[in-house]
Each structure stands twice: as structure tokens, then as C-alpha cells.
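# What the coordinates show
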Amino acid sequence: MAWAAYGYFHFTNKSFHEDSPTRKNETIALVDILNIEYKDYGVAQTIQLGQSTKQIIIGTLDGDFTPNQAKRFFKKYDLLIHQPNTEKGFSVGLFEELIC
């Protein structure tokens with residue numbers, strides 16, 4: 001649980017950058033945030049430049065869970081709320097155990 005609390009969950013529903021090795025332009029899910037396979041993958045934001053658009057990298061993922069650990073974690077817990085870092089560096093994630 002403590003390990004998961006450091007996830008960059010504010011990147012959920014953003015997109016992998018178009019230069020990502022395997023997940024170009026795909027939507028980032030909760031399990032992707034924790035998955036070590038996507039560590040250092042760029043998170044994209046699309047900006048409008050006149051008539052065209054361009055992707056910029058707004059951050060990188062930093063998960064440390066194996067793919068199976070990430071999947072199992074979110075089968076057992078639900079992320080209720082995530083507060084990204086404030087100006088003073090405070091962040092928090094609130095998880096709820098799912099009853100199966």
C-alpha cells in the first residue's frame with residue numbers, strides 16, 4: 001500500500017507520448033502508473049499551434065510494480081482520491097479495499 005501511494009496518479013487518463021516505445025498515444029490507466037514496464041515513458045499533452053497540434057511531454061511515469069503486481073493491486077484496491085503534490089510537496093492517495 002505504501003509503495004502504491006507514491007504513484008503519479010494525476011497522469012491517469014492522459015496519453016503516452018507519441019515517442020513512447022510501445023504505447024504511442026494510448027490512454028494511461030491506473031495500472032500503467034504503477035507498472036515498471038512503463039517507467040520513464042513520457043506523458044503527453046497536446047497543444048494547438050495555429051492550424052496544427054503538437055505533443056509535449058509534461059512528465060514521465062515512475063512505477064515500480066511488476067505488471068502482475070499492478071493488476072493484482074487494483075483488483076484488491078480502488079483509488080478514491082489523489083492529491084498531487086502541492087507547492088509544499090504534500091501529496092496523498094486514499095485507497096479503499098474492494099470486497100470480493
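Preceding this paragraph is the structure being described.
Structural notes, computed from the coordinates. On a predicted model such as this, the values are computed, not experimentally measured, just so you know.

Cut-off values and rules
- Residues numbered from 1 in each chain as written.
- Predicted model: local features only at pLDDT ≥ 70, side-chain atom pairs only at ≥ 80, totals over all residues.
- Heavy atoms only, no water.
- Pairing = 2+ DSSP bridges.
- Helix = DSSP H or I, 4+ residues; strand = E, 2+ residues; numbered from the N terminus.
- Contact = heavy atoms within 4.5 Å.
- Polar contact = N/O pair within 3.5 Å; in protein donor to acceptor, adjacent residues only side chain to side chain.
- Salt bridge = Lys/Arg side-chain N within 4 Å of Asp/Glu carboxyl O.
- Buried < 20%, exposed > 50% of the residue type's maximum accessible area, 1.4 Å probe, protein only.

## Some thoughts on the sheet that holds strand E1 (residues 15-16)
- The strand order across the open sheet formed by three strands is E1-E2-E3, and the pairing between neighbours is antiparallel. Only two strands of the sheet have a single neighbouring strand rather than two, namely E1 and strand E3 (52-60).
- Both strand E2 (residues 42-49) and E3 contribute to a ladder of eight bridges, which runs antiparallel. Bridging across to E3, isoleucine 47 finds its partner in lysine 54.

## Digging into the environment of histidine 17
- Relative to the helices and strands, histidine 17 is located in the loop between E1 and helix H1 (30-34).
- Not counting the four nearest positions on each side in its chain, histidine 17 is found in contact with Lys24, Asn25, Gly42, Ala44, Gln55, Ile56 and Ile57.
- Only 3.0 Å separates the side chain of histidine 17 from the backbone nitrogen of aspartate 19, close enough to count as a polar contact.

## Looking at the pattern of salt bridges
- One pass over the structure, following the stated rule, counts five salt bridges.
- Two residues, arginine 23 and aspartate 32, come together in a salt bridge whose shortest N-O distance is 3.2 Å. The same class applies to arginine 23 as to aspartate 32, namely buried.
- Put simply, Arg23, Glu26 and Asp32 are held in one network by salt bridges that share partners.

## Description of unusual backbone geometry
- The phi torsion at asparagine 13 lies on the positive side, around 70°, for a residue other than glycine.
- Within the secondary structure, asparagine 13 sits in the segment before E1.
- Backbone geometry places asparagine 25, a non-glycine residue, at a positive phi of 65°.
- The topology assignment puts asparagine 25 in the loop between E1 and H1.
- The partly exposed category is assigned to asparagine 25, whose relative accessible area is 42%.

## Concerning the environment of isoleucine 57
- Note that isoleucine 57 resides in strand E3.
- Considering only alpha carbons, one finds isoleucine 57 and threonine 46, eleven residues apart in sequence, at a separation of 8.9 Å.
- Dropping the residues within four chain positions of it, isoleucine 57 is found in contact with His17, Gly42 and Val43.

## As for the side chain of asparagine 35
- Residue position: asparagine 35 is located in the loop between H1 and E2.
- Contacts of asparagine 35, omitting those with residues within four sequence positions, involve Gly63, Phe65, Thr66, Pro67 and Ala70.

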